[in-house]
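# Fold and geometry: a report
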Amino acid sequence: MKRFILDTLDSYDDLGIILEDVENSFMGSLSASSQDVPGMTGAISQGTSIGAKNIILECVCLAKNETERAEKEAYIANVLRPFTTNEVPLKFTTSMDWEMYVNLVDISKSTRLAKATCDFSFTITFEASDPHQYGKMINQEIKENPVTITADGYSDVKPVFTCIPDTDITKLAIVDDNGDWAYIGNDVDFMAGETPVNNEPLILDDKCSTTVPWTILKNSEVTWRLDGYSDGGLKIVNDGIQASGFGGNRDGYHGPAFQQYLGQECEDYRVKIRLCNYQNFARARGVVEFYLLDDNGNRIGKLALNDKSNGKDPYVVFNVEKGSNLKNIYNSPGTTKKGKKTTIKVKTKNGTKTVTVNKKKKTEVVYKTINLPSSTATSTFTNFYGYLEVVKIGNKFTFNIMKLKRDGTGNAWSKPITTTFTDTGNTYNKKLAGVAGYIAKADIQEDKTNPVTKYSMNTLALTDVKVWNILNGGNGITSDQEIIARAGEELRIDSEDGCFYKNGEPFMDNFYIGSQFPKFTGGVPIEYNLFPKPSNLRIDSDNLVNESTFDVGYLQASSGKLMSSSNDAIDRASTWIACVPAQNLAYSILNTDSNSMRRIFFYTKSKTFINYIEIKNSEQSATVVVPANVYYCKVYAQKALTIRMKLEIGTVATAYNEHVPTAKWLLDYRPTRD
């Protein structure tokens, strides 16, 4: 039986519709345009445009009687009623690999098939504003450069190129054989004496895949004003930090508090955390809070996602403080939607009573039923998974909120919620030295009944923490060039959306004027050149040290963290360099200098520091074996810009060459046809 699938609805299984025929034109409506010219025979053609097209479905429904017919008509009308302006996918069982995106524009009146029956027919008309049909997503890794791509399908294709560099990069480029190009970033001519500067070094990059860097605190060990009580433990679930327990019942919020220090103080900074609060039960109350601390462990700010009511309408909070002075910069549920107020009946013990059974007295427990308020109200931050970010430069604080899609495919909102605060009195101008997390619940009446009433607690998690030390006003103000992506970050050129993304967030400021989003036609080969080149094209003699992305400062011997220095004019440290355990690396320098200290620092897969080795300044080359459990390293040297370092795979140091970035390149596209 021929059927259609509208979004997730099966026309026969869900609606009882028998699809008799489909009227679907070859392509969208054609409209020719021409320009008349006085004194000229004929006209000048200005081409033919292709517009939307209608798809008309001829349908039949079977009914045993008039009542069933009326019920089916009402049900079909209610289900197909357009509730939003969003188009939904439509496909047919005769070609399930292809779908269109449509809106309902008309349902005809129903007509009885015969006088003696209640069976009826009608037509449904959908409009596809985009007349193309789309096939299943094709995913492939690009392993050549240049690479020739011949897409499936017959019509225009809008691809998505994804680049994941294995080192920090300052630019990304895609050029096709027609001369069209897309370019992100900027460049510095290193050999001409231009000095690249990173004024926003990343000093904490915690993926929350382990609790090792964090110190879990007893309540007596908390040095800052905690909005609750510290109790319970932590666990890792799906690369996120969650509470393994919230401790015993008590008034107010209670759960584990945990902290780590940065190893340096930041006058200006950017802090970005990813977190979630999924409300599994409307009355449950949970919080994920994140505190900014000074070098004495005092609180200087807070970012939080809090439940404050008996509904699913949490708040987002950001404040700054100094001593008894506190300023709420953002404290709101966003837009709230009133829900249905209901009551939940809960049974609890209410003393005992003496009863006589078979002339014998015995004691029985007496229960009572209490009614508890509940609401289906929601807010902007209901079931929130996303980023909270604060940027402090001088006396200006900027706070951003961005919700992400739960499947990790990008932003759920078109733009972030942003608010700013200028501290005109410099009241809150404290240096950032540490951070702390707090995952907690507040007991509700269900926790206090006897016996305790079971319910599903919120899913609360901290899933990513990043801290940047902003120097000299940041990259956007005084830097000669900007690092557009760190090693392992994701850059995406999405021709479907017409947007460039970094780690799932729009990043159009770096999209170079004149760039065009890539596109190609199914069945027609097209050649692309990529920069950085695909990772599998790296050769052993490639220089792994990217001098164009050096951080200013030195790496602390005890922690492996980047520190500011009185020798900032000469101290330089590389950013992350990927390596593998037991791999041989050859180190060399181009120019000798007896006053240059040189070290190689080693880190685990989660970028936890292990140790370092020091290379004598009298040595121009050396061979290093990567230790066990090491997957990243960094190179530090004094006068690094003068001596010119090289680190390469193997045991033989080859002639010096500048670093050539590489990246994992992915191509995703949906074939199209008319």
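Residues numbered from 1 in each chain as written. Predicted model: local features only at pLDDT ≥ 70, side-chain atom pairs only at ≥ 80, totals over all residues. Heavy atoms only, no water.

## Some points on the overall build of the protein chain
- Looking only at helices and strands, the protein chain features 4 helices and 55 strands.
- Approximately 32200 Å² of the protein chain is accessible, and the part contributed by carbon and sulfur atoms is 47%.
- Taking the 76 positively charged and 80 negatively charged side chains of the protein chain as two groups, their mean positions are separated by 12 Å. (Helix = DSSP H or I, 4+ residues; strand = E, 2+ residues; numbered from the N terminus. Areas by Shrake-Rupley, 256 points an atom, 1.4 Å probe, with all protein chains shown as cover. Lys, Arg positive; Asp, Glu negative; His and termini not counted. Charge placed at Lys NZ, Arg CZ, Asp CG, Glu CD.)

## Here's the deal with the pairing of strand 7 (residues 88-92)
- Of the strand pairs in this sheet, strand 1 (residues 4-6) and strand 7 are connected by 3 bridges, and their pairing is antiparallel. When the bridges of strand 7 are listed, Ile5 appears paired with Lys91.
- Direction of pairing for strand 7 relative to strand 8 (residues 100-107): antiparallel, over a ladder of 3 bridges. By the bridge assignment for strand 8, Leu90 is matched with Met100. (Pairing = 2+ DSSP bridges.)

## Quick word on the sheet that holds strand 13 (residues 147-149)
- The antiparallel open sheet is built from 4 strands, whose spatial order is 13-41-16-17. Only two strands of the sheet have a single partner each, and these edge strands are strand 13 and strand 17 (181-185). Direction aside, neighbouring strands of the sheet carry axes that sit 20° apart on average.
- Where strand 16 (residues 171-176) meets strand 17, 5 bridges bridge the pair, whose relative direction is antiparallel. Within strand 17, the residue paired with Ala173 across the bridge is Tyr183. (Axes fitted to C-alpha atoms, helices over the stretch in contact; angles between N-to-C directions.)

## Some thoughts on helix 1 (residues 66-80)
- Spanning 15 residues, helix 1 covers 21 Å between terminal C-alpha atoms, matching the ideal 21 Å at 1.5 Å per step.
- Taken as a whole, helix 1 has its buried residues at Arg69, Ile76 and Leu80. Axial view of helix 1: buried residues confined to an arc of 35°, hence all on one face. Along helix 1, exposed side chains directed more than 90 degrees from the buried face belong to Thr67 and Glu71.
- The secondary structure elements touched by the buried residues of helix 1 are strand 1, strand 3 (17-24), strand 6 (53-61), strand 8, strand 9 (111-112) and strand 10 (120-128). (Expected span 1.5 Å × (residues − 1). Buried < 20%, exposed > 50% of the residue type's maximum accessible area, 1.4 Å probe, protein only. Arc of directions from axis to C-beta. Contact = heavy atoms within 4.5 Å.)

## Quick notes on the sheet that holds strand 51 (residues 621-625)
- Ordered by their spatial adjacency, 3 strands build an open sheet running 51-48-53, and the pairing between neighbours is antiparallel. Since the sheet does not close on itself, it has two edges, and those belong to strand 51 and strand 53 (645-649), each with one partner. Across the sheet, the mean angle separating the axes of adjacent strands is 20° when strand polarity is ignored.
- In this structure, strand 48 (residues 584-589) lies alongside strand 51, joined through 5 bridges in antiparallel fashion. Considered in strand 51, the bridge of Leu585 is made with Val624.

## With respect to the pattern of salt bridges
- As enumerated under the stated definition, the model contains 35 salt bridges in all.
- With a closest N to O distance of 3.3 Å, Asp166 and Arg538 form a salt bridge. One end of the pair, Asp166, is in the loop between strand 15 (160-165) and strand 16; the other, Arg538, is in the loop between strand 42 (533-534) and strand 43 (551-552), with 372 residues separating them in the sequence.
- Lys441 is the salt-bridge partner of Asp447, the closest N and O atoms lying 3.0 Å from each other.
- For Lys441, a relative accessible area of 10% corresponds to the buried category. (Salt bridge = Lys/Arg side-chain N within 4 Å of Asp/Glu carboxyl O.)

## Thoughts on the layout of surface pockets
- In this structure, the second largest pocket spans a volume of roughly 750 Å³.
- If you trace the second largest pocket, you find 27 residues lining it, with Val160, Asp494, Glu496, Asp497 and Tyr501 closest to the centre.
- Looking at the lining of the second largest pocket, the elements that each hand over two or more residues are strand 14 (156-157), strand 37 (491-494) and strand 54 (662-669).
- Each residue belonging to the lining of the second largest pocket can be placed in one class, and the counts come to 9 nonpolar, 7 polar and 11 charged. (1 Å grid on protein atoms, 1.4 Å probe; cavity = no way out; pocket = protein on both sides within 12 Å on 5 of 7 lines; lining within 4 Å. Points joined across faces, edges and corners; volume = space filled by probe spheres on them. Nonpolar A, V, L, I, M, F, W, Y, C, P; charged D, E, K, R; others polar.)

## Quick notes on unusual backbone geometry
- Note the cis peptide between Asn145 and Pro146, where omega equals 0°.
- Mapped onto the elements of the fold, Pro146 is located in the loop between strand 12 (138-142) and strand 13.
- Omega for the peptide link from Asn450 to Pro451 comes to 5°, which places this bond in the cis form.
- Within the secondary structure, Pro451 is located in the loop between helix 2 (445-448) and strand 36 (459-470).
- The phi dihedral of Asn383 falls on the positive side, at around 50°, and the residue is not glycine.
- Inspection of the secondary structure puts Asn383 in the loop between strand 31 (360-375) and strand 32 (384-393).
- Residue Asn383 is classed as partly exposed on the basis of its relative accessible area of 26%.
- Positive phi, normally seen in glycine, also occurs at Asn503, with a value near 55°.
- Structurally, Asn503 can be placed in the loop between strand 38 (499-502) and strand 39 (505-506).

## Here we look at the environment of Thr672
- With respect to the secondary-structure elements, Thr672 resides in strand 55 (residues 672-673).
- Among the residues examined, Thr672 registers a relative accessible area of 2% and is labelled buried.
- At a separation of 2.5 Å, a polar atom in the side chain of Thr672 contacts the main-chain carbonyl oxygen of Asp156. (Polar contact = N/O pair within 3.5 Å; in protein donor to acceptor, adjacent residues only side chain to side chain.)

## Brief notes about a negative patch on the surface
- A surface patch of like charges, here negative, comprises Glu20, Asp21, Glu23 and Glu58.
- The element contributing the most residues to the negative patch is strand 3, with 3 residues.
- Counting through the fold element by element, Glu20 comes out in strand 3. (Patch = residues over 30% accessible without salt bridge, like charges linked within 9 Å, V, L, I, M, F, W, Y side chains within 5 Å.)

## Things to note about the packing of aromatic side chains
- Scanning the entire structure with this criterion turns up 22 aromatic pairs.
- Relative to Phe258, the ring of Trp214 has its centre 5.2 Å away and its plane inclined at 85°; by these criteria the two rings are edge-to-face. With Trp214 in the loop between strand 18 (202-206) and strand 19 (215-217) and Phe258 in strand 24 (residues 257-266), the pair connects residues that are 44 residues apart, well separated along the chain. The exposure classification of Trp214 matches that of Phe258, with both residues buried.
- Ring centres 5.3 Å apart and planes at 35° place the aromatic pair Phe281 and Tyr455 in the tilted group. Of this pair, Phe281 sits in the loop between strand 25 (268-278) and strand 26 (285-293) while Tyr455 sits in the loop between helix 2 and strand 36, and the two are 174 residues apart along the sequence.
- Clustering of aromatic rings is evident, with ring pairs tying together Phe318, Tyr330, Phe381, Phe384, Phe399 and Trp413.
- Over the aromatic face of Tyr387 sits the side chain of Lys272, whose NZ or CZ is 4.4 Å from the ring centroid. (Phe/Tyr/Trp six-rings, centres within 6.5 Å; stacked < 30°, edge-to-face > 60°. Lys NZ or Arg CZ within 6 Å of the ring centre and 35° of its normal.)

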